[in-house]
Amino acid sequence: MDTKSIVYIALFAALTAALGLMPPISFAGLALPPITAQSLGVMLAGSIAGARRGGLAMLLFIALVAVGLPLLAGGRGGFGVFAGASGGFLLAWPISAAVIGYLIGRAPAAGFTLMAPMIAFGGIIVMYAVGIPWMAAVAGLPLTKAVTIMLAYVPGDLVKVILATIITRGVRRAYPAL
Amino acid sequence: MLDLYSPGTSYLHRLGPGPKILTMMLGGTGLFLFDSLPIACAAFIAIAALYPVAGLTAKQAWAQIRPLLWIFAIFFALQWWLSGLTTAAFVVIRLAALILLASLVTLTTRASDMIDSLTHALGFLRPFGANPAKIGLSISLALRFIPVLAQITQEVREAQKTRGLERSVIATALPVAIRTIKMADDISDAIEARGYRP
């Protein structure tokens, strides 16, 4: 792997960690994974760095979390988080980023109306497909209940999809060779 | 800086990161395989008893659990409602035991030792074309980038404030993204210019 890829992988892992510095919104009525800015990092890793670099960046990030660095929003870290309700969502991050990177790699010049659904597919559908069954298993909830709970997260995630699309298109205009 | 490590000289501190991580993974899987309340309780007590062995205080053990109390409360309420009191107690005690176990490993192992043993353990990836030294470089770079990103964001935010744009998320996020990518390109050129060949 070339040096540039190594630096990009490190950069997007760090970006996701830096987004964790924003305070997470944890609502007591629906205890479960907090709403954080970090999933924006997942989307940008895929949409800007590409499938391979983005996926590896997220793999690096969750490896750093696993070894105990408190990089998740709210200062969480360590193996324990994978055993918790948000564990599946974390493990889905590399897959999400890779899916987004793959889709956008096929249409790098996509307009807003095409790029936003691609980011939404990887950043919401793929992530929930892994995260929800995991959460249901950990919390011992029926799958339908877990799905209902996660509906509360969709509006926030849609805002992040829109932000990620605008940022990606801006960056790609500034760096056409990306 | 970014380390939950609590210094000490106990047996658990001296034990290598590898065996600790393995024990934790096996223990965590075991708790999910044998799902009964007595086993979960026994595991919880055994793990809690390891804290004084590692020279950690009850206060430190409590600090690991405290941020999650409300999650426990809601799990407990949901489970009680869905499947009864025994299951509710079991789910919460198992989760608390797992978190105490994971925190025990994190509290007794330096992050740098964890990264070293991780880099070493990734040696098995060599035949598949991965280079542990490059993984080590990406880990060090990522940890260095975090404060740099925070600083760049601060600078851009101040610049946009003078233009009256402090309320716009895009007016901050986009310049930050472009500047950091420019920085990444410069750093990779600098690394190559110094003849980096891992």
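Each value, and the rule that gives it
- Residues numbered from 1 in each chain as written.
- Chains lettered and ligands numbered in written order.
- Predicted model: local features only at pLDDT ≥ 70, side-chain atom pairs only at ≥ 80, totals over all residues.
- Heavy atoms only, no water.
- UniProt positions renumbered as here; feature names shortened; annotations may be inferred.
- Helix = DSSP H or I, 4+ residues; strand = E, 2+ residues; numbered from the N terminus.
- Contact = heavy atoms within 4.5 Å.
- Buried area = accessible area lost by both parts, 1.4 Å probe.
- Salt bridge = Lys/Arg side-chain N within 4 Å of Asp/Glu carboxyl O.
- Polar contact = N/O pair within 3.5 Å; in protein donor to acceptor, adjacent residues only side chain to side chain.

Student: Would you explain the UniProt feature "transmembrane region" (unreviewed entry) in chain B in this entry?
Tutor: Residue and element names in this part refer to chain B. If you check UniProt for "transmembrane region" (unreviewed entry), the listed places come out as residues 31-53, 65-82 and 88-107 in our numbering. Along residues 65-82, the helical share is 83% and the strand share 0%, with 24 Å between the first and last C-alpha atoms. Secondary structure over residues 88-107 splits into 100% helix and 0% strand, and the C-alpha atoms at its two ends are 28 Å apart.

Student: Help me understand the environment of Leu69(A) in this model?
Tutor: Counting through the fold element by element, Leu69(A) comes out in the loop between α3 (51-66) and α4 (80-83). Counting along the chain gives ten residues from Leu69(A) to Phe79(A), while the straight-line C-alpha distance between them is 9.9 Å.

Student: In this structure, what is going on with the UniProt feature "transmembrane region" (unreviewed entry) in chain A? I would like to understand it.
Tutor: All names here are of chain A. As recorded in UniProt, the feature "transmembrane region" (unreviewed entry) lies at residues 6-33, 54-73, 79-105, 112-134 and 146-167. Helix makes up 85% of residues 79-105 and strand 0%, with an end-to-end C-alpha separation of 33 Å. The annotated region residues 146-167 carries 86% helix and 0% strand content, and the separation between its end C-alpha atoms amounts to 31 Å.

Student: Explain the interface of chain A and chain B to me, please; I cannot follow it from the model alone.
Tutor: Many authors give the size of an interface as the accessible area that is lost as the parts come together. Listed by partner, the interface residues are 48 residues for chain A and 51 residues for chain B. Both faces combined, the contact of chain A with chain B buries some 4200 Å², and carbon together with sulfur accounts for 82% of it. Inspection of the region where chain A meets chain B yields one salt bridge. Notably, a salt bridge pairs Asp185(B) with Lys4(A), separated by 3.8 Å at the nearest N-O pair. One can count four residue pairs in polar contact (both at pLDDT 80 or more) joining chain A with chain B. When residues of the side of chain A that touches chain B are traced back to their parent elements, those giving at least two are α1 (3-19), α3, α4, α6 (112-139) and α8 (154-174) of chain A. Among the elements that line the side of chain A that touches chain B, the one with the most residues is α1(A), at twelve residues.

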